[in-house]
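Coordinate inspection notes
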Amino acid sequence: MDNCMKDLEILWDEKTIEKHIKLIAKDIDTKWQNEPIVNLIPVLTGGIVFGTKLMIELESLSPKKWLVNPIIASAYEYSYNPDKPEVIHVSDYETKFTKGTPSILIDDLLDTGITLSIVKNIIHEITTSTVEVAVLVDKIAKRNSDITPDYTCFTLESDYWLVGYGMDDKGLMRGLNSIGYLINTPAEFDESLNQLAD
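Report on the accompanying structure.

The rules we used
Residues numbered from 1 in each chain as written. Predicted model: local features only at pLDDT ≥ 70, side-chain atom pairs only at ≥ 80, totals over all residues. Heavy atoms only, no water. Helix = DSSP H or I, 4+ residues; strand = E, 2+ residues; numbered from the N terminus. Buried < 20%, exposed > 50% of the residue type's maximum accessible area, 1.4 Å probe, protein only. Contact = heavy atoms within 4.5 Å. Salt bridge = Lys/Arg side-chain N within 4 Å of Asp/Glu carboxyl O.

**Overview of the overall build of the protein chain**
Each helix and strand counted, the protein chain has three helices and ten strands in total. Mapped in sequence order, the helices and strands of the protein chain form the string β-α-β-α-β-β-β-β-α-β-β-β-β. By residue count, 48% of the 198 residues in the protein chain fall in the buried class. Put simply, 73% of the contacts in the protein chain that link residues at least 6 apart link residues at least 24 apart.

**Let's talk about unusual backbone geometry**
Following Leu 44, the chain continues into Thr 45 via a peptide bond in cis, with omega recorded as 15°. Structurally, the position occupied by Thr 45 is in the loop between β2 (38-44) and α2 (48-61). With phi around 60°, Lys 64 is a residue other than glycine that occupies positive phi space. Among the structural elements, Lys 64 can be located in the loop between α2 and β3 (66-68). Relative accessible area serves as the criterion here: at 78%, Lys 64 is assigned to the exposed category.

**Quick look at the pattern of salt bridges**
Summed over the entire model, instances satisfying the criterion amount to nine salt bridges. Asp 111 is the salt-bridge partner of Lys 139, the closest N and O atoms lying 4.0 Å from each other. In this pair, Lys 139 sits in strand β7 (residues 131-139) while Asp 111 sits in the loop between β6 (103-110) and α3 (114-127), placing the two residues 28 residues apart along the sequence. Take Lys 139: its relative accessible area is 2%, and that puts it in the buried class. A salt bridge links Arg 143 to Asp 138; the nearest nitrogen and oxygen atoms lie 2.5 Å apart. What makes Asp 138 buried here is its relative accessible area of 8%. A cluster of three or more residues bridged by salt bridges with shared partners is formed by Asp 111, Lys 139, Lys 142 and Asp 159.

Function cannot be read off these values alone, since they describe shape.
Here it is as structure tokens:
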């Protein structure tokens, strides 16, 4: 293992992650089998890897059903303010949805829940329909809202700083094909860290 990886403890490897993604893809496809269109909203940047893998699985199960409209949202930047997360989308974002169609937010990590709660409300106001949440990891240690995921691959009670499969440390290690935690990172939030997901 490279020196830069010596402080990384792997929790879930690629094979395990892909198995769980296939399982929740089947659950989603089964639940919405009678809907002609379902909106998929990957939450960037953290949700990019998980979102891509999940979309591929869903498309293979039910082609021409999944309408993808990403959104950028984060409470984690080079400073941390969970009460004022940033949400960014294109100016004509609302026109990309059809009212009455269900939606699924896709993110790597559900942490405090504040950011996803805000995004969920935004999408509900646009579609006036059901908005579900699919996350790779449900990290409950700092949950600060009533939101819970409808679909999740893994649940984590410990307050580890996760990296890989979309999760990062200062923008690095986001593209790892496994999920692990940094051994020497304290549980308290360090403002120098840059985990762009909630």
